[in-house]
Structure formats: C-alpha cells, structure tokens
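# Observations on the model geometry
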Protein chains: 6
Amino acid sequence: MQTLFIENEIKYIGSQLAPHWIYKNYKLLGDAIVSFIGEVEVKLDEMVDIEDVINNEPIYSKKMVNFIIEQFNVTLEEMVCVQRLLISIIKDIIEDMTNKKIKRSGDDLFFENRKLSVSIATQSITSCLVHTALNIIKDGAPVSASDLSEIGILDIKAFANRVMSEFKKEIEDIKSATYKVRGVTE
Amino acid sequence: MQTLFIENEIKYIGSQLAPHWIYKNYKLLGDAIVSFIGEVEVKLDEMVDIEDVINNEPIYSKKMVNFIIEQFNVTLEEMVCVQRLLISIIKDIIEDMTNKKIKRSGDDLFFENRKLSVSIATQSITSCLVHTALNIIKDGAPVSASDLSEIGILDIKAFANRVMSEFKKEIEDIKSATYKVRGVTE
Amino acid sequence: MQTLFIENEIKYIGSQLAPHWIYKNYKLLGDAIVSFIGEVEVKLDEMVDIEDVINNEPIYSKKMVNFIIEQFNVTLEEMVCVQRLLISIIKDIIEDMTNKKIKRSGDDLFFENRKLSVSIATQSITSCLVHTALNIIKDGAPVSASDLSEIGILDIKAFANRVMSEFKKEIEDIKSATYKVRGVTE
Amino acid sequence: MQTLFIENEIKYIGSQLAPHWIYKNYKLLGDAIVSFIGEVEVKLDEMVDIEDVINNEPIYSKKMVNFIIEQFNVTLEEMVCVQRLLISIIKDIIEDMTNKKIKRSGDDLFFENRKLSVSIATQSITSCLVHTALNIIKDGAPVSASDLSEIGILDIKAFANRVMSEFKKEIEDIKSATYKVRGVTE
Amino acid sequence: MQTLFIENEIKYIGSQLAPHWIYKNYKLLGDAIVSFIGEVEVKLDEMVDIEDVINNEPIYSKKMVNFIIEQFNVTLEEMVCVQRLLISIIKDIIEDMTNKKIKRSGDDLFFENRKLSVSIATQSITSCLVHTALNIIKDGAPVSASDLSEIGILDIKAFANRVMSEFKKEIEDIKSATYKVRGVTE
Amino acid sequence: MQTLFIENEIKYIGSQLAPHWIYKNYKLLGDAIVSFIGEVEVKLDEMVDIEDVINNEPIYSKKMVNFIIEQFNVTLEEMVCVQRLLISIIKDIIEDMTNKKIKRSGDDLFFENRKLSVSIATQSITSCLVHTALNIIKDGAPVSASDLSEIGILDIKAFANRVMSEFKKEIEDIKSATYKVRGVTE
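Quick notes on the rules
Residues numbered from 1 in each chain as written. Chains lettered and ligands numbered in written order. Predicted model: local features only at pLDDT ≥ 70, side-chain atom pairs only at ≥ 80, totals over all residues. Heavy atoms only, no water. Helix = DSSP H or I, 4+ residues; strand = E, 2+ residues; numbered from the N terminus. Rg over C-alpha atoms; globule rule 2.2 N^0.38 Å. Buried < 20%, exposed > 50% of the residue type's maximum accessible area, 1.4 Å probe, protein only. Pairing = 2+ DSSP bridges. Right-handed = clockwise from strand over helix to strand, strands pointing away. Contact = heavy atoms within 4.5 Å. Buried area = accessible area lost by both parts, 1.4 Å probe. Salt bridge = Lys/Arg side-chain N within 4 Å of Asp/Glu carboxyl O. Polar contact = N/O pair within 3.5 Å; in protein donor to acceptor, adjacent residues only side chain to side chain. Least-squares fit on C-alpha atoms with pLDDT ≥ 70 in both. Axes fitted to C-alpha atoms, helices over the stretch in contact; angles between N-to-C directions. Parallel < 35°, antiparallel > 145°, perpendicular 65-115°, else oblique. Left-handed = near helix turned anticlockwise from the far one by under 90°. Expected span 1.5 Å × (residues − 1). Phe/Tyr/Trp six-rings, centres within 6.5 Å; stacked < 30°, edge-to-face > 60°. pLDDT = per-residue confidence, 0-100.

## Quick look at the overall build of chain A
A count of helices and strands for chain A gives five helices and eight strands. Shown N-terminal to C-terminal, the secondary structure of chain A runs as helices and strands in the order β-α-β-α-β-α-β-β-β-β-β-α-α. Radius of gyration (C-alpha) of chain A: 16 Å, near the 16 Å computed for a compact globule of 186 residues. Buried positions account for 62% of the 186 residues belonging to chain A.

In structure tokens, the structure reads:
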C-alpha cells in the first residue's frame, strides 16, 4: 500500500474514480492511496452510486480533501469493509486532533448532526476503488453540512498524511493477521 | 446476520471457535453473532493465533463478555476487516455510553493504555469465525489490563445487545453498498 | 431474493439484460427476479449469446412472459446452474398446472418437440444476470414453436408469480444447504 | 466429467463421502460421478448434515442405488445447485421410464408423498462432494418411504447409467454456456 | 485447451486481444490457443500495457509469429503465471531445435541480449487473455531486436504447432496435478 | 516473498509440508520460500501425492537440497503454475552454472534422462504449499537418478540462494504484471 499527497489542487468530477488513474498520473503501480485538495462536482452521469442517481442528488462542494484508493485482488464486499475502516480511522484522527465528537454512520461522518463527508466504493474489471472526501469549506454544498475548518483541522496536508499513514498500517496489519492463524475444524 | 445473547454463563476455552458451534448449540443457521459472559482460559494447544503460541502467551481472564461470529462465503481477509469494524463499533459504543476515551489499535482496545480486549479471526473449510472478548473484571488477567467495570459499563447484557445490533446493521449496510454501484472502466 | 410481477407490458429488446436494470426501474436493491409480459425482439447487436450471432439467429416473438434475474456474489458458472434450476422449476409448474408433458434440454423447454422458450445467462462487472422467456402467443416466432396458450396456461400473472415464488424458495434453500454441513477430510 | 457404474455392491456408511475416494478406489482422476448398489447406514458420527445430527436422524436403507460426485474448482454453493440439477435429472428420467409422477422438493424426491431419496452436498479442502441415493427396496428405512421397485424401475444399472450420462451432458453443457456469452455493462 | 494454426496471415493491431475473438472467428468454444503469422502494429490507444503507454512505446514488427490464448475461470494472476510458462516452453523449444542459448526474463525472450518477443496478459469480464509474438523478420522493429530467422527457426508453422502442443500438454498436466493431492492440516 | 537458507541440516519426512511450518520454525510471517539440505524419506502415510500412494512409491534420497514455499491468497491451480515456474527457474540456473543440458517435464527435472528432482504442490485451509528437492548425492534413491554433484553444482548454498532470489523476483514481477494492464471488452 503506497501513499502520496498530491500538492497541486485537482477538481474532482468523478472520472478520477477509474482503474489505473493513480498509476497513469502518479506512477504508483499496485495498491495505493492518494490524497489531494480541490473542488468537487460530480454530475449525475458520472456518479457510480445509483441510489444518488435515482434520488437526483449530484455532489457539489467548493473545497474538499479527497482520498482515492485502488486495491487489486479484493472483492467489492471486502473493499466496502476497507472503505468503512478508512472512515473509522478518519473519525478517530479528527477526534484525536480536535477533541470534538464525530459520528460515523456507515460510510458517512457527521459533526453535530451535519454531514462532513461523501464516500463510495466500486469495482472495475481488474481492481476495486474508493473515493472519500471531507469538506474543508462547506460553502456551496447542497445539504446541511459541516466542514474541517469549523471543527478545527486547519493543516489539511498533515491531516491527510496522517490518515494515509494509519490506513496503510491498518491494511498491512490486516494482511499479517491472515498469515498467523491456523485453520479450525469441527 | 442473526444475533443472540446467551443468558447462561459459558467458560470460553477456545474450542468454541469452531464451525457450526453456534448452529449446533443455539440453532441459528447461517451468518450469526452471539454473545455470552464467562471466564476465559485458552491454553496454548487450543489457540489459533500462532504468534501467541510462539510467544508462549496463553489467555486468561476471570470474567469477560464474549462475542463469536460465524460468516459464510467470505475470505479470511474480509473476515479480518469485519473483525476490525466490530472492534471499532465496540469502541464507539463504549465512548458513547461512558464519555471515556478508548483507543483502537488493529484488533485491540485500550483504556488509559491498559488492554481491554482480546480478538482473533480464523477460517474453517466452510466458513470464517471471529472471537472477541472484553474484560468485565480484570482480576487474574496476565497483562496490565483494564475492564468494563472501571470504565463504567455495568449492564453487560444491554451493552452486548447494542454491540450486536449495530454490528448487524453494519454488515447488512455493507452488503447493500455492493448492490447499488455501477462498475467503472478505463 | 426479491420478486416482482410488473403489471405494464414491456417490449424486451435485450438492453434490459443489464446490471441494475431492476434496481433503476423498480427500486429492488440486491438479488431479485422480476417478470413482465411483452413482445420480444432481440437484434443481433444486442444479443449476448455469441453462438446465435454466429448463426445469425435473432430472436422474435409477439408475446412472451419474461423473467429477469440479477444475482450478486455468484460466478457465471453458478448462475448458469441457477438458470437451469429455474427452467426445471418452470417445467414442473407447467406440468403440474396442465398435466401436459414438457421436456427440458439444457436451458430450453419443449412441448411436443416444439420450442417454448428462450434463455441466456451472462455476467457484468458487479453481478450475473439471466433472461428467460416463454411464448404466450407463438405467432411470428421464427422457429417451429409452441406457446403457453396451446398448453393451457391462461392466467400468465398467476403462473409467473408461482414461478418466482418457487424460485425464491429454491435459492434460499440452496443457501441454507451450504450453512448446515460440516466439511470433510481425507 | 467421468462416469462409472461399479459392479460390486458396497455398503455406504458415510466415510465414502471423502475427497479422492473415487480416485483412490477407481482411478478416475478429476471430476467424476460413480454409482453403485448397496445397503446404506450412516450413523450420527459419520453424518455431514448437522441438521440430521441435531434432530437425531441417522440414515438406514436396506438397498439403495448410490451416486457419489466429486468436483474440483467449484464453491459449495455451486455444488448444491449441481446437486439439485442431478435430482431434477433423476426425476425426469424416472418419469420418462415409468410414466409415474415424481415430486422434487429441494434435494428430496417423493412418490405419492413418500420419500424416495436422500442427498447431501459438502466441501473438502480441495473439492466439493455430493452423495445421492434412492431406495431400491424400502424395507427397513426409518421414515415413510417409497422405492424404485414399486415405481417400476427394475434395471437399476441401466437407470444409473442413464442418470450419469445425462448428468455428464448437463455439466458439460453448463461449462459451454459460460464460454459463449459476452459480458454486459450498464 | 484447443489449438489451431491459422493458415492465412493476419495483421495484429491489438484489437484481437478481446474476449471471444477466437470463438467468433475460428469457432473454438472455450479455452484455446491459436497461432498466426503477420505484421504487428499496436498503436498507443490499442495497448493494454499501461506501462508502455506511459513510456510512449508503441509496438511494431514487420513479421511475427503470434499466439493468442483465451482461458475461462482463471484469475489474472494465474494467467500471468500461465503466460510465463508459455514463454518458458517457447525458450526450451527454440533451444532444443537450434542449440542456441535463449534467455527468459519475466515475459521477455532474448538472443544475445537482443529482444526476440513481446507479450502481455489481461482480463475481460468473462475470461483472461494472452498475446505473445516473436519476430520472424526483425526489420522495422523499434528496439534492438533479434528474430527467429537469424536463430535458425525457419519452419514457423512447425514451430508454432510444437509450441501449442507442448503448452496444451502443460495446461492439462497442471489441472491433473490439482486433482491428485490431499489437502494438508496443521 | 521472503527467502531464507537454513544452515542446519533437516531430515525431510513430509510433515514439514504443513501450513505455518515456516512461520513456527523460522518466524517468517506470510509468503516465503526456505531452503535446507538433508536426507529425504517420505513414507506412504505422509505423502500428499495420492498417485504415488496408489503406485506404492515412497520417496527416499540420502541428501537433497529442499525448497518449501508457502503462499497465501492463491488457488491450488495457481500454486501448481508457480511450482512449474520454480522448476523452470531451477533448470535455467543449473544450465547457466554448468553448461549442461537439463530437461523439464511438468514438475520433474532430468539430466541425461535420469531424474534429478521430486516436487509436489498442495493446499491447506489457509494457504498453498510446495515442496521441491534435488538430489545432491544420488546414493539410495529408488529410481534411476541423477544428482547435482555429477552435473557439477557443488556450492549448494550459493545455488539455493540464487534459486530463491530469482524465484522471489519472478513472483514480485508477476504481481506487478497484474497491476499494469487495462481490462478489455468485446
């Protein structure tokens, strides 16, 4: 699991949630998580969450910190579990850095009942992918929202690097856990 | 995902982490999580964690609240992810019930740097299994330990039922998340 | 496994054999079987059966009862087995309702050596899919055909609902059968 | 898929439902179905169906025609589907040979509401296995039973060979069906 | 595993590395390897090797002997192993026919440090695919190259048929090897 | 993929081909290949190759260089491919070190038509395993045999380390190859 914080801002429009986007653009081959800051605007025809399409809920936020993960040799069901572990790690880091209380519900994070994040996991022919993003500035977000500024996370790069570092540790630890146990029988 | 709190106390000795133990004893067929209270004593020859066997670290605790999960049609790697989501859910519930700060590190929980829990995930020919237990009374535990009593969780059955209820919700939500996304291509 | 009989007629042109067609149109999330009545016209460029494309055999029938299944977390080989169980269930129901003799050969049904049905199973990135349809009125079908009218099935909706109900029971029973057996060793 | 009718009688006691039993005893390497005639007595500690163990229902029949299948590279869920297709094929052959009406319910066959068969599918580390058997003479069977004699199947070897031949054709046809379809996308 | 040497020359442009290309054009249904002679020109937008796209390295060779494999029910990781076994078989055959020394490095073959071959393995929704080709005449190849002419392989059809025959034997032997071993336990 | 040459001699009796034997004894957690020198005596009841058991062919050799591989998250079919790549790598290294001609046939190596090696691949509940060994001194081997001494490989440790080093490179290169290709469609 490789990690990279991308220094330049990128507008996330959904098309980046594609196999090998990380490899093609940042030369990281294999399992990786990258992070970048940027405006987020996902129109209905780029959305992978069909529930949002049905409900006619495009995504917009003026400035978010984005995470994109690509993993090979996992099923979509495992990737959704991995996504929720990432969300849980993000929650723990925000709480640790700010002493504020964050609530996780599935793949969503809330501060004072206002939504802080968006997230989706999906599958390609050769890999699985996750996009997760948290509002930095909530202006323009279409739902009642919170953001990292009001919670007190100001150094976004340091925050993103800590998230990626703890996520990488978790994934490697999960793999180790599968190597060290004997199988059981009836 | 079925749930059951078993009213009578059971001494956990490791042999219960076996395929169909839940079905044979409690008639729950298929994916299930059960919970019970009891002394925990896992000797080296019943341990599935080979790391603990190598380090000669048997498990003992006078009174723990135990959770056993059996899931079918999952890989061990996914089951370890599921285990960590369970641990994360337990952490969030303890914090919500007590306003104390709990730390998760992989599959371990800590209160004030003292260990609160044990956990392991493993595989059989037909399923995957998890055992997780938290000290209720720490007397007799071999490492510097904490327990639910000192943190302020006194109604263990209510606590266990809330854990199982939120875990069930998480698992069902994960499955739903795999049904609602379109695949992506390059 | 959810079931739905769709009241309005739909012309089946092949494009409906697509991932999430059921979810997008009928809000059934996850494994599901739906049925509807309608004209069937699958041109060569919409066919998924390459054998038919090679043999230049487009499909046409004036009025058929259609079944579409989508299942997640199955391989294509398992989905073909499931397809044949569906065909077998349909045969048994027609025989039970009419006392006529139907012959199943692979995924085809015959009455008096005349073909009654079409069927195909295929795969998407995230799921497997089956389309099965039986002639209600055989006029216009390009091969020597039979239909449900001449066999004596007149209440198509009742017939379709019974098919879906027994199919759902079979699928759930299959899953149960995988939960109740101990693995065996040499 | 290889087939073999074993001429000498064998008492089936459950231990034959083991990986490589066919290969070790009859030199058929790989996917195979074999058939033999013999008394059937499966005591509780040899049963793989835990439901029967819980219900304290050992199996006994004085004379049955037995089928054992071993397949590699299939999941247990697919193997249960394959088992039910075998049961469906057996039903169709009996009906075709006798003009009597047989009822299939899951993996059971009935004649005039009396049970004709037993069947189970299970898994080993390297393969999946099925045992299916039909009463030839019902004397001594513990439940209200039917048998092939009263239905009019007298040449058991010819019957068994036809079952195996049609089963082999079905399995090979299923594999072909997975090779000839293009994948579909949203 | 079916084999076919295609007599007429075909210009390979990358588009042939597609699911069912063999079946649609040569009626071989299921696992197959085919071989043909022809010019090779793969432009960047037809390449499946993203590394070559990043490095801006299109493929050109005036005359190559091409092999295309399609296998069902394998993972991409297994298909890459199969690809390397094919390369290893080709090396052994060239050495055996010519007494010249060939070097294999991953999926590349070299004669006197000059590159003799190109190869790639990839995945579709329903299968995995390999393309491997060796220079017959090196004129026009963009890298420092060798070819079969200078090594002394002149009867390309005989060579290709021997490669396919030994590859087929290897694949069938691999499958047999999975059928004949008992699983092991701790 | 970790590698280790074990300095002390070990008599290989078959029981070492077990899950976690490497981890328990040499603390290498996860995918690994180890090598050691020692007498080899595998009696019939320790053999995993049922073909050898049927043919009553126990294995004996006075002194062999042994390789044991354990890999997680692979199927047995892939592990057999990996085994054959290892055999191919060993062949290439012997030829490169000695200028003698070695023949590979499946998982066997021959020098002047005399057998040089034994090898088997198998599966446990949690992993796949390979044992491969080459005669150092052929005295006492039950079949017409060759050995590394007569071929001219005298520094066994250097040889074993080169085998493990090139095998590790091959496995890591295979994984990379799965990360760098786009999927293809019809």
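## Observations concerning the pairing of strand 1 (residues 2-5) of chain E
All names here are of chain E. Relative to strand 2 (residues 32-42), strand 1 is paired through four bridges, and the arrangement is parallel. Residue pairing across strands places Thr3 opposite Ile33, the latter belonging to strand 2. Once the chain exits strand 1 it traverses helix 1 (residues 21-26) before rejoining the sheet at strand 2, and the crossover so formed is right-handed.

## Things to note about the interface of chain A and chain B
Think of interface size as the accessible area that goes away when the parts come together; that is how it is often given. Taken together, the contacts link 52 residues of chain A with 52 residues of chain B. Across the chain A/chain B interface, buried area totals approximately 4,200 Å², and carbon plus sulfur atoms make up 50% of it. Where chain A touches chain B, the interface holds 18 salt bridges. The salt bridge partner of Arg84 of chain B is Asp173 of chain A, with a shortest N-O separation of 2.8 Å. Counting across the interface, chain A meets chain B through 33 residue pairs in polar contact (both at pLDDT 80 or more). When residues of the side of chain A that touches chain B are traced back to their parent elements, those giving at least two are helix 2 (50-54), helix 3 (76-98), strand 4 (102-105), strand 7 (117-123) and helix 5 (156-179) of chain A.

## With respect to the relation of the copies chain C and chain D
When chain C is brought onto chain D, the operation consists of a screw motion whose angular component is 180° and whose axial shift is 0.0 Å, with 0.0 Å RMSD remaining. Considering both components of the superposition, the chain copies are consistent with a two-fold axis. For chain C, the smallest separation between a C-alpha atom and the rotation axis is recorded for Glu78 of chain C, amounting to 2.5 Å. A high fraction, 100%, of the interface residues of chain C reappear at the interface in chain D, so the copies pair face to face through one surface.

## With respect to the packing of helix 3 (residues 76-98) of chain C against helix 5 (residues 156-179) of chain C
Residue and element names in this part refer to chain C. Direction vectors running N to C along helix 3 and helix 5 enclose 135°, while the axes themselves pass 10 Å from each other. Taken together, helix 3 and helix 5 sit at an angle that is classed as oblique. As for the relative orientation of helix 3 and helix 5, their crossing is right-handed in sense. Mapping the contact onto sequence places Val82, Leu85, Leu86, Ile89, Ile90, Ile93, Ile94, Asp96 and Met97 in helix 3 and Phe159, Arg162, Val163, Glu166, Phe167, Glu170, Ile171 and Ile174 in helix 5.

## Concerning the interface of chain C and chain D
In this assembly, 52 residues from chain C lie in contact with 52 residues from chain D. With both sides pooled, the region where chain C packs onto chain D buries about 4,200 Å², and carbon together with sulfur makes up 50% of that total. Linking chain C with chain D are 18 salt bridges, by the criterion used here. Across the pair Glu170 of chain C and Arg104 of chain D runs a salt bridge whose closest N-O atoms are separated by 2.8 Å. Taken together, the links from chain C to chain D amount to 33 residue pairs in polar contact (both at pLDDT 80 or more). Of all elements in the fold, only helix 2 (50-54), helix 3, strand 4 (102-105), strand 7 (117-123) and helix 5 of chain C reach the threshold of two or more residues within the side of chain C that touches chain D.

## So, the pattern of salt bridges
By the definition in use, this model includes 126 salt bridges over all chains. The closest approach of N and O atoms between Glu112 of chain B and Arg114 of chain B, which form a salt bridge, is 3.0 Å. A relative accessible area of 55% means that Glu112 of chain B is categorised as exposed. As a salt-bridge pair, Lys168 of chain F and Glu172 of chain F come within 3.3 Å of each other at their nearest N and O atoms. Highlighted residues: Lys168 of chain F and Glu172 of chain F, both in helix 5 (residues 156-179), separated by four residues, approximately one helical turn. On the basis of relative accessible area, Glu172 of chain F is assigned to the partly exposed category, the value being 38%. Connected via shared salt-bridge partners are Lys91, Asp92, Glu95 and Lys101 of chain A together with Lys91, Asp92, Glu95 and Lys101 of chain B.

## What to know about the environment of Glu41 of chain D
Residues and elements named next belong to chain D. Along the chain, Glu41 falls in strand 2 (residues 32-42). For the pair Glu41 and Glu51, spaced 10 residues apart in the sequence, the C-alpha separation amounts to 17 Å. Once you skip the residues sitting within four places of it in the chain, Glu41 turns out to touch Lys11, Tyr12, Ile13, Ile59 and Tyr60. Looking at Glu41, its side chain comes within polar contact range of the side chain of Lys11, at 2.9 Å.

## Structural notes on the relation of the copies chain A and chain B
Least-squares fitting of chain A to chain B yields an RMSD of 0.0 Å, with the superposition described by an axial translation of 0.0 Å and a rotation of 180°. When the interface residues of chain A are mapped onto chain B, 100% of them again lie at the interface, so the same face is used by both copies.

## Concerning the sheet that holds strand 4 (residues 102-105) of chain F
Residue and element names in this part refer to chain F. As summarised here, the arrangement of the three strands in space is 4-5-6, forming an open sheet in which the pairing is antiparallel. This sheet does not close on itself; its edge strands, each paired only once, are strand 4 and strand 6 (114-115). Sheet topology places strand 4 next to strand 5 (residues 108-111); four bridges connect them, and they run antiparallel. Counted as the bridge partner of Ser105 is Asp108 from strand 5. The strands touched by helix 3 (residues 76-98) are strand 4 and strand 5; relative to strand 4, the strand with the most contacts, the crossing angle is about 175°.

## Overview of the environment of Ser105 of chain B
As for its position among the elements, Ser105 of chain B is in strand 4 (residues 102-105). The class for Ser105 of chain B is partly exposed, based on a relative accessible area of 30%. In the structure, Ser105 of chain B is positioned 18 residues away from Ile87 of chain B in sequence and 9.3 Å away in space, judged by C-alpha atoms. Not counting the four nearest positions on each side in its chain, Ser105 of chain B is found in contact with Lys169 of chain A together with Phe110 of chain B.

## Quick look at helix 5 (residues 156-179) of chain E
An ideal rise of 1.5 Å per residue puts 34 Å on 24 residues; helix 5 of chain E measures up with 35 Å between its terminal C-alpha atoms. Three or more residues of helix 5 of chain E are buried, namely Ile156, Phe159, Ala160, Val163, Met164, Phe167, Glu170, Ile171, Ile174, Ala177, Thr178 and Tyr179 of chain E.

## Some details on helix 3 of chain C
All names here are of chain C. An ideal rise of 1.5 Å per residue puts 33 Å on 23 residues; helix 3 measures up with 33 Å between its terminal C-alpha atoms. In terms of residue burial, helix 3 counts as a mostly covered element, since 21 of its 23 residues are buried. Taken from the residues just after helix 3, Asn99 is the one with a positive phi, measuring 60°.

## Overview of the packing of aromatic side chains
According to the stated counting rule, one finds 18 aromatic pairs over all chains in the structure shown. By the ring-pair criterion, three or more aromatic residues cluster together here, those being Trp21, Tyr26 and Phe36 of chain A.

## A few points about the side chain of Lys180 of chain C
Looking at the secondary structure, you find Lys180 of chain C in the segment after helix 5. Residue class for Lys180 of chain C comes out buried when judged on its relative accessible area of 13%. Of note is the side chain of Lys180 of chain C, whose polar atom sits 3.0 Å from the side chain of Glu51 of chain D.

## What about the sheet that holds strand 5 (residues 108-111) of chain C?
Residues and elements named next belong to chain C. Taken together, three strands build an open sheet; the order of strands is 4-5-6 and the sheet is antiparallel. In the strand order of this sheet, the two ends are held by strand 4 and strand 6 (114-115), each with one partner. This element, helix 3, spans strand 4 and strand 5 of the sheet and lies at about 175° to strand 4.

## Regarding unusual backbone geometry
Backbone phi values are negative for most residues with the exception of glycine, while trans is the configuration of most peptide bonds. Residue and element names in this part refer to chain A. The phi dihedral of His20 is positive, around 70°, even though this residue is not glycine. Mapped onto the fold, His20 is located in the loop between strand 1 (2-5) and helix 1 (21-26). Assessed through its relative accessible area of 0%, His20 is described here as buried.

## Remarks on the confidence of the model for chain A
In low-pLDDT regions, the fine details of the predicted coordinates are not to be read closely. Averaged over every residue, the pLDDT of chain A is 96; residues scoring 70 or more account for 98%. Scored as a whole, the predicted complex attains pTM 0.97, and scored at its interfaces, ipTM 0.96.

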